[in-house]
Amino acid sequence: MILVTGGAGYIGSHVCMALLDAGLDVVALDNLSNSNQASLQRVQSLCGRSLVFRHADIRNEEAIYDILRACGVSAVIHLAGLKAVGDSSVRPMTYYENNVLGTMRLISAMRKAHVKTLVFSSSATVYGVPTYLPLDEQHPLGPTNPYGRTKLFIEEMLKDLYRSDDEWRLGILRYFNPVGAHESGLIGEDPVGVPNNLVPFVAQVAIGKQEKLKICGNDYDTPDGTGIRDYIHVVDLASGHLSVLSHLKQPGVLTLNLGTGNGNSVLEVIRTFEAVSGRPIPYEIGERRAGDVAICYADPTLAGETLGWQSTRSLAQMCADHWRWQLNNPCGYRGT
Ligand code: NAD
Ligand code: UD1
């Protein structure tokens, strides 16, 4: 039985789907602070298998311990956390409490229950401003915001945990920019309020919920002047979790980038989305967004060599699947 914390969320629901599809049993835990349980109902009807849902908070050590024991959990995929970069500068202590303290409590419950396999969702944001590209796992770390620092501190904590007890099997996955949705159009990203991230915002412009996109700067040192990122299909990302789980048979700490290795500019994303949706994406050029870097993309070689994993879905497929989800669910899960 695999425990997925944050299982009702955007990435979590796709990870639960991948695990169930692979025949594994799943208990999904979530406090539903940024998600809707309907995502998991849809996951179950999509793959024709059921999972166990527990409405709980990772900061509640006793509750986690009870779930680990009662469900016979053998490994944990830990996705629960707060993730809004701007908000993390406004409420840093909330982020440290939820992400860092929450992970400490989770680990403590796992130690008591003798569950010593953990896959943690880190982020490319731990690299900060790139000093070279593509970003490999050896690149110096230096996040530039509290959210990123919670990820870095947890990574360091996990490494210390292994140094103190070499029975742990730990996977640290640094995601680049997850976008897209399951090809069914039944599960996807359901942002609360105005989306901060590019693709969810573009999708809302396409459907008419937002009037136009503001491009955050077109004076970067890139071919078209707009920022370049490594967008990765969420279904490819989810399959990376499955690969790492089957690889964590030996104790150790495995740190891997999950990205495509390709960079695409804001304008390329807009054009691709227009092409797959057949809708115009009006935009205006605005100021650069504080904390943004010009270019960020992964060197995913290590994940390829270690796991035999690589992303397979194109930017067009990411946009097409994101669009199908947006079109079928204009109000996200709130309409269900
Ligand atoms: P999400 O908000 O959709 O999912 C996170 C889930 O965790 C939500 O369902 C939320 O309700 C739950 N949660 C939050 N705090 C909790 C707590 N204390 N106890 C129990 N549940 C809690 O976000 P997502 O995009 O699916 O991200 C999942 C993980 O991946 C996060 O840790 C995030 O930091 C990381 N990540 C995301 C991205 C991205 O672009 N989406 C990039 C890099 C890393
Ligand atoms: C952001 C976070 C990062 C997090 C990631 C996924 C910041 C500084 N970084 O990454 O820590 O891991 O989201 O959640 O917030 N853009 C526009 N207009 C918009 C929105 C974005 O032009 O309305 C541009 C940005 O300037 C950037 C690109 O689109 O060049 C991608 O932005 P976004 O989707 O927010 O991802 P990141 O900034 O890479």
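A quick note: this is a predicted structure, and the numbers were derived from the prediction, not measured.

Time to look at the sheet that holds strand S1 (residues 2–5). Spatial strand order, S3-S2-S1-S4-S5-S6-S11: seven strands in an open sheet with parallel pairing. Edge positions in the sheet fall to strand S3 (52–55) and strand S11 (252–258), since each of these pairs with one other strand and no more. Here the average twist between neighbouring strands, direction ignored, is 20°. In this sheet, strand S6 (residues 169–175) lies alongside strand S5 (residues 117–123) in parallel orientation, the contact comprising seven bridges. Among the inter-strand pairings, Ser122 is bridged to a residue of S6, identified as Arg174. Each of S1, strand S2 (26–30), S3 and strand S4 (75–78) touches helix H3 (residues 61–71); the most contacted strand, S2, lies at about 170° to it.

Glancing now at the site of ligand 2. Close to ligand 2 lie 17 residues, the nearest being Leu198, Lys214, Arg229, Arg289 and Asp292. At a separation of 2.9 Å, an oxygen atom of ligand 2 approaches a polar side-chain atom of Asn177. Measuring from an oxygen atom of ligand 2, one finds a side-chain N or O atom of Asn197 at 2.9 Å. Calculation on ligand 2 without its partners gives an accessible area of 740 Å², and the protein chains cover 86% of this total. Considering every element that reaches the shell around ligand 2, the biggest residue donor is strand S8 (residues 213–216), with four residues.

Put plainly, two cysteines are in a disulfide when a covalent bond ties their sulfur atoms together. Under the defined criterion, the tally for this structure stands at zero disulfides. Cysteine Cys47 remains unbridged, with the sulfur of Cys16 as its closest cysteine sulfur at 9.2 Å. Cys16 provides the cysteine sulfur closest to Cys71, a residue in no disulfide bond, and the two sulfurs are 13 Å apart. On the accessibility criterion, Cys71 (15% relative accessible area) is buried.

Ranked by internal contacts, the top residues of the largest apolar core, which has 43 residues, are Val4, Ile11, Val15, Cys16, Leu19, Leu51 and Ile77. Considering every element that reaches this core, the biggest residue donor is helix H1 (residues 10–21), with eight residues. Among the nonpolar cores identified, the runner-up in size contains 27 residues, and Ile58, Val115, Ile154 and Leu161 belong to it.

Here we come to the packing of aromatic side chains. All told, the structure shown has four aromatic pairs when counted by the stated rule. Aromatic side chains Phe273 and Trp323 sit 6.0 Å apart centroid to centroid with 80° between the ring planes, which places their arrangement in the edge-to-face category. Taken together, the positions of Phe273 in helix H9 (residues 266–277) and Trp323 in helix H11 (residues 315–328) put the pair 50 residues apart, joining distant regions of the chain. Phe273 sits in the buried class, given a relative accessible area of 0%.

One can describe the packing of helix H5 (residues 92–112) onto helix H6 (residues 146–164) by two numbers: an axis separation of 9 Å at closest approach and a directional angle of 20°. Comparing the axis directions of H5 and H6 gives the class roughly parallel. In terms of crossing hand, the pair formed by H5 and H6 is right-handed. Of the residues in H6, those in contact with Pro92, Tyr95, Tyr96, Asn99, Val100, Thr103, Met104, Ile107 and Arg111 of H5 are Pro146, Tyr147, Arg149, Thr150, Phe153, Ile154, Met157, Leu158 and Leu161.

Procedures and definitions
- Residues numbered from 1 in each chain as written.
- Chains lettered and ligands numbered in written order.
- Predicted model: local features only at pLDDT ≥ 70, side-chain atom pairs only at ≥ 80, totals over all residues.
- Heavy atoms only, no water.
- Pairing = 2+ DSSP bridges.
- Helix = DSSP H or I, 4+ residues; strand = E, 2+ residues; numbered from the N terminus.
- Axes fitted to C-alpha atoms, helices over the stretch in contact; angles between N-to-C directions.
- Contact = heavy atoms within 4.5 Å.
- Near = heavy atom within 4 Å.
- Polar contact = N/O pair within 3.5 Å; in protein donor to acceptor, adjacent residues only side chain to side chain.
- Areas by Shrake-Rupley, 256 points an atom, 1.4 Å probe, with all protein chains shown as cover.
- Disulfide = S-S within 2.5 Å.
- Buried < 20%, exposed > 50% of the residue type's maximum accessible area, 1.4 Å probe, protein only.
- Core = buried A, V, L, I, M, F, W, Y, C linked by side-chain atoms within 4.5 Å.
- Phe/Tyr/Trp six-rings, centres within 6.5 Å; stacked < 30°, edge-to-face > 60°.
- Parallel < 35°, antiparallel > 145°, perpendicular 65-115°, else oblique.
- Left-handed = near helix turned anticlockwise from the far one by under 90°.

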